[in-house]
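# Examining the three-dimensional arrangement
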Amino acid sequence: SSGNGQHATAKNGAITAAGIAQGGMVGKFDGINDYVDTPLVFKTDTPLVLSAWYNTANTTTQRMTILGGNNGGRFEMFVDKGKPGCRVWDTSEKNLYSATVAVGGWHHIACVQTYGTTPKTELYVDGVLKKSVAAASVSAGGTWRVGMPGSSISKYFDGYIDAATIHKTNLSAEAIAQLYQNQK
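Residues numbered from 1 in each chain as written. Predicted model: local features only at pLDDT ≥ 70, side-chain atom pairs only at ≥ 80, totals over all residues. Heavy atoms only, no water.

### Let's talk about the overall build of the chain
This is how the line gets drawn: By definition, any uninterrupted DSSP run of H or I lasting at least four residues is a helix, any uninterrupted run of E lasting at least two residues is a strand, and each is numbered from the N terminus. In what follows, residue pairs with any heavy atoms lying within 4.5 Å of each other are defined as contacts. Accessible surface area values rest on a Shrake-Rupley calculation with a 1.4 Å probe, where residue burial reflects the displayed protein chains alone.
Check the secondary structure of the chain and you find 1 helix and 14 strands. In the chain, of all internal contacts separated by at least 6 residues, the share reaching a separation of at least 24 is 66%. Of the accessible surface of the chain, which amounts to about 8100 Å², a share of 50% is contributed by carbon and sulfur atoms.

As structure tokens, then:
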């Protein structure tokens with residue numbers, strides 16, 4: 001449930017499980033073909049913040065998508081061999097990865113994109129800024145999906161995803177840290 005009437009649909013066997021992270025319902029994904037389809041359109045006319053909680057034990061699969069666009073995956077949140085990251089594509093790949101593995105429990109990830117004359121993308125893990133790059137993804141249209149790859153090198157997510165959110169406003173480092181603290 002989105003809270004604004006734009007509800008998502010589970011596809012190919014994605015199921016919900018009770019009480020895993022935040023005491024509510026979370027999505028369980030098999031890493032093969034499960035995903036959640038949303039009606040939300042991917043646009044880059046405003047700042048974007050993607051955030052979610054995830055739990056996976058998988059440290060071998062390359063770029064499992066947590067949340068991303070379905071048309072080329074130009075802006076994606078993912079876990080790559082256990083390391084959370086963000087895909088940024090303007091005219092080429094500019095991916096951000098955490099230097100450390102974050103698996104085996106619940107972790108919060110946020111990817112912040114700022115557009116305009118000084119574009120940038122920031123990666124936060126568990127409320128802490130890990131990396132940034134002076135680039136932001138170009139719009140490819142399409143809609144947002146949870147757990148499904150949007151690009152040809154990404155994979156389906158294997159594990160649990162909770163509170164996948166798209167903010168169409170910029171969030172400060174303090175707001176990201178507060179988001180992490182309030183939901184853990």
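### Quick look at the packing of aromatic side chains
For the record, the criterion: When the centres of two rings from Phe, Tyr and Trp lie within 6.5 Å, Trp using its six-membered ring, the rings pair. Their planes under 30 degrees apart give stacked, over 60 give edge-to-face, and anything left gives tilted. Criterion for a charge above a ring: Lys NZ or Arg CZ within 6 Å of the ring centre, and within 35 degrees of the ring normal.
Overall, the coordinates contain 5 aromatic pairs when judged by the stated rule. With centroids separated by 6.2 Å and ring planes inclined at 75°, the aromatic side chains of Phe75 and Trp144 adopt a geometry described as edge-to-face. Within this pair, whereas Phe75 is found in strand S7 (residues 75–80), its partner Trp144 is found in strand S13 (residues 143–146), the two being separated by 69 residues in sequence. The cationic tip of Arg63 hangs over the ring face of Phe78; the distance from NZ or CZ to the ring centre is 5.3 Å.

### Looking at the sheet that holds S7
Selection criterion: Should DSSP find at least two bridges between two strands, the strands are regarded as paired.
On the basis of which strands lie adjacent, the open sheet formed by 7 strands has the order S1-S4-S13-S6-S7-S8-S9 and antiparallel pairing. One side of each edge strand has no neighbouring strand; the edge strands of this open sheet are strand S1 (9–11) and strand S9 (96–97). Pairing of S1 with strand S4 (residues 35–41), which is carried by 3 bridges, proceeds in the antiparallel orientation. Bridge assignment links Thr9 to a residue of S4, and that residue is Asp37.

### Concerning the side chain of Thr56
We count it as follows: Whenever two N or O atoms come within 3.5 Å, that pair is a polar contact, provided that in protein one can donate a hydrogen and the other can accept it, and provided that, for residues adjacent in sequence, both atoms are side-chain atoms.
Mapped onto the fold, Thr56 is located in the loop between strand S5 (48–55) and strand S6 (64–69). Here the side chain of Thr56 touches Asn58 through a polar contact of 3.1 Å, landing on its backbone nitrogen. Every residue in contact with Thr56, bar those within four places of it in the chain, is listed here: Met64, Val79, Val103, Gly104, Phe157 and Asp158.

### So, unusual backbone geometry
Of note in this structure, Arg63 is not a glycine but carries a positive phi near 45°. Its place among the elements puts Arg63 in the loop between S5 and S6.

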